[in-house]
Amino acid sequence: MERLIDLLGDSGALAFAGVLVGILFGVTAQKSHFCLRASAVEVAEGELGPRLAVWLIAFTTALALVQALIAFDWLDLSETRAIASTGSLSGAVIGGAMFGAGMVLARGCASRLLVLASCGNLRALVTGLVLTLVAQAAYTGVLSPARELLSGIWAVPGGAPRDLSEILGFSPTVYTAVAALGLVSAIVFASHRKVAPIRIIAAAGVGLAVALGWLITFAIAQASFEVVPVSSVTFTGPATDTLMALVASRNVVLSFGIGLVPGVVIGAAGSALTAGEWRIERFGSDTPMERYLVGAVLMGFGAMLAGGCAVGAGLSGGSALSLTAWVAVFFMWVGAISTHRLLMLIPVPQHS
């Protein structure tokens, strides 16, 4: 790691790590069809099916690996933004519900849209760009006062009050064992739902990418003489950083997130091309643009309010046992299931 830092510098090493983790995530997310939205739709329709199994495998893999790394003292997340900084439970509740509703309307969360766009889906590309612009507006732009107002309703200080491991009082070994048991159960469940072995392995790969993100950035932080943020896979923030770097500056400031986004594009596109699944998809009569755009707005604002997207909060924050991340992903499920059930009540217009 020290040699890598000497060769590329701190920011270069982080970007390089982001590319590698992104490629792994892109390949495995494309192969497994990992998608929180699809999982929530299955539950909303009363079916516990293969998409739910894939999500559970990815989640429990990330949780088991991260907590195992902590148990072996190979990883310490106590100073990360997900734990140490001030969080917002009101933001997690409201933002999580908004994000969940938005991903149903847009037919994918931030990570899924990036993967689909990499595979030729122009609907996902347009939706993802709008999501990114709204997220930037909610972070530093015209929507930031509204975000700050909602976040301030119920703030939670960083440290122990935001750390589920401290709140529950168990050791990382216990969390590892529980997560490992959940992973085995999820694999058995997937087998019963006829999920192909390659999809099961790929789903576990999604969780592995999250754990590797934490581990590699932590290793770089430990080896560096500078203050290096420890982070893992998330998409709303890195997507906005990447877009702003491309349109607002001649010199791109390298970071883990800046490397992550193109890494996912390379991995997902390469996986789709080799499998013969890359194809152009456009908006149509059964995929109205206005519905996608409303979903993008809800997700962009909701992610910034909740402190992360379905992967950033759901897998990365969840595996770190961040209280606000667990609350956020729970309300993403609530928002998605409620929205899909409402849509089921709306009659579908018949086209002649």
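Please refer to the structure placed before this passage.
Here we summarise the structure given alongside this text. (Residues numbered from 1 in each chain as written. Predicted model: local features only at pLDDT ≥ 70, side-chain atom pairs only at ≥ 80, totals over all residues. Heavy atoms only, no water.)

## Things to note about the overall build of the chain
A count of helical and extended segments in the chain gives 16 helices and two strands. In summary, the chain has a C-alpha radius of gyration of 19 Å against a globular reference of 20 Å for 352 residues, a match within 12%. Counting only residues that meet the buried cut, the chain has 53% of its 352 residues in that class. For the chain, the computed accessible surface area is about 15800 Å², with 67% contributed by carbon and sulfur atoms. (Helix = DSSP H or I, 4+ residues; strand = E, 2+ residues; numbered from the N terminus. Rg over C-alpha atoms; globule rule 2.2 N^0.38 Å. Buried < 20%, exposed > 50% of the residue type's maximum accessible area, 1.4 Å probe, protein only. Areas by Shrake-Rupley, 256 points an atom, 1.4 Å probe, with all protein chains shown as cover.)

## Here's the deal with the packing of aromatic side chains
Per the stated rule, a full pass over the model turns up nine aromatic pairs. Between the aromatic rings of F25 and F34, the centroid separation amounts to 6.5 Å while the plane-to-plane angle is 85 degrees, which identifies the pairing as edge-to-face. Per residue, the accessibility class of F25 equals that of F34, and both read buried. Considering the side-chain rings of F72 and W74, the 5.4 Å spacing of their centres and the 25 degrees angle between planes classify their relative orientation as stacked. Comparing F72 with W74, the two get one shared label, exposed. One aromatic cluster in this structure is built from W55, F59, W326 and W333. (Phe/Tyr/Trp six-rings, centres within 6.5 Å; stacked < 30°, edge-to-face > 60°.)

## What about the pattern of salt bridges?
Taken as a whole and assessed by the stated rule, the structure comprises three salt bridges. Across the pair E281 and R123 runs a salt bridge, and its minimum N-O distance is 3.3 Å. With E281 in the loop between α13 (256-274) and α14 (289-306) and R123 in helix α7 (residues 122-139), this residue pair connects regions lying 158 residues apart in the sequence. A salt bridge links R279 to E281; the shortest N-O distance between them is 3.7 Å. Counted as one network, the salt bridges with shared partners bring together R123, R279 and E281. (Salt bridge = Lys/Arg side-chain N within 4 Å of Asp/Glu carboxyl O.)

## Quick word on the packing of helix α8 (residues 144-151) against α14
The contact between α8 and α14 brings their axes to 10 Å, and the two run at 45 degrees. On the basis of the axis angle, α8 is oblique to α14. The hand of the α8/α14 crossing is right-handed. Taken together, the residues of α14 that come into contact with α8 (itself represented by A146, R147, L150 and S151) are F301, M304 and L305. Taken together, the residues of the contact of α8 with α14 break down into five nonpolar, one polar and one charged. (Axes fitted to C-alpha atoms, helices over the stretch in contact; angles between N-to-C directions. Parallel < 35°, antiparallel > 145°, perpendicular 65-115°, else oblique. Left-handed = near helix turned anticlockwise from the far one by under 90°. Contact = heavy atoms within 4.5 Å. Nonpolar A, V, L, I, M, F, W, Y, C, P; charged D, E, K, R; others polar.)

## Section: the side chain of D163
Note on placement: D163 falls in the loop between β2 (155-156) and α9 (164-168). Within the buried set, D163 has no salt-bridge partner at all; the shortest N-O distance to an opposite charge, 9.5 Å, is to R162. A polar contact is formed between the side chain of D163 and the side chain of S165, at a distance of 2.5 Å. Once you skip the residues sitting within four places of it in the chain, D163 turns out to touch I83 and L321. (Lys, Arg positive; Asp, Glu negative; His and termini not counted. Polar contact = N/O pair within 3.5 Å; in protein donor to acceptor, adjacent residues only side chain to side chain.)

## Some remarks on α13
Over its 19 residues, α13 extends 27 Å from the first C-alpha to the last, a length consistent with the 27 Å expected when each residue adds 1.5 Å. Looking one or two residues past α13, G276 carries a phi angle of roughly 70 degrees, positive in sign. (Expected span 1.5 Å × (residues − 1).)

## What to know about helix α6 (residues 110-118)
In an α-helix, one turn spans 3.6 residues, which is why side chains three or four residues apart end up on the same side. With seven of its nine residues buried, α6 lies for the most part within the structure. Listed in full, the buried residues belonging to α6 are A110, S111, R112, L113, L114, V115 and S118. The inward-facing, buried residues of α6 abut α1 (2-32), α5 (89-105), α7, α12 (236-248), α13 and α14. Just past α6, the residue G120 takes up positive phi, approximately 100 degrees.

## Brief notes about the packing of helix α2 (residues 36-44) against helix α16 (residues 323-345)
α16 packs onto α2 with a crossing angle of 60 degrees between their chain directions and a minimal axis gap of 9 Å. The angle between α2 and α16 places the two elements in the oblique class. Between α2 and α16 lies a crossing of right-handed hand. Along its contact with α2, which presents L36, S39, A40, V41, V43 and A44, the element α16 presents M332, W333, A336, I337, H340, R341 and M344. Residue classes in the contact of α2 with α16 are distributed as 10 nonpolar, two polar and one charged.

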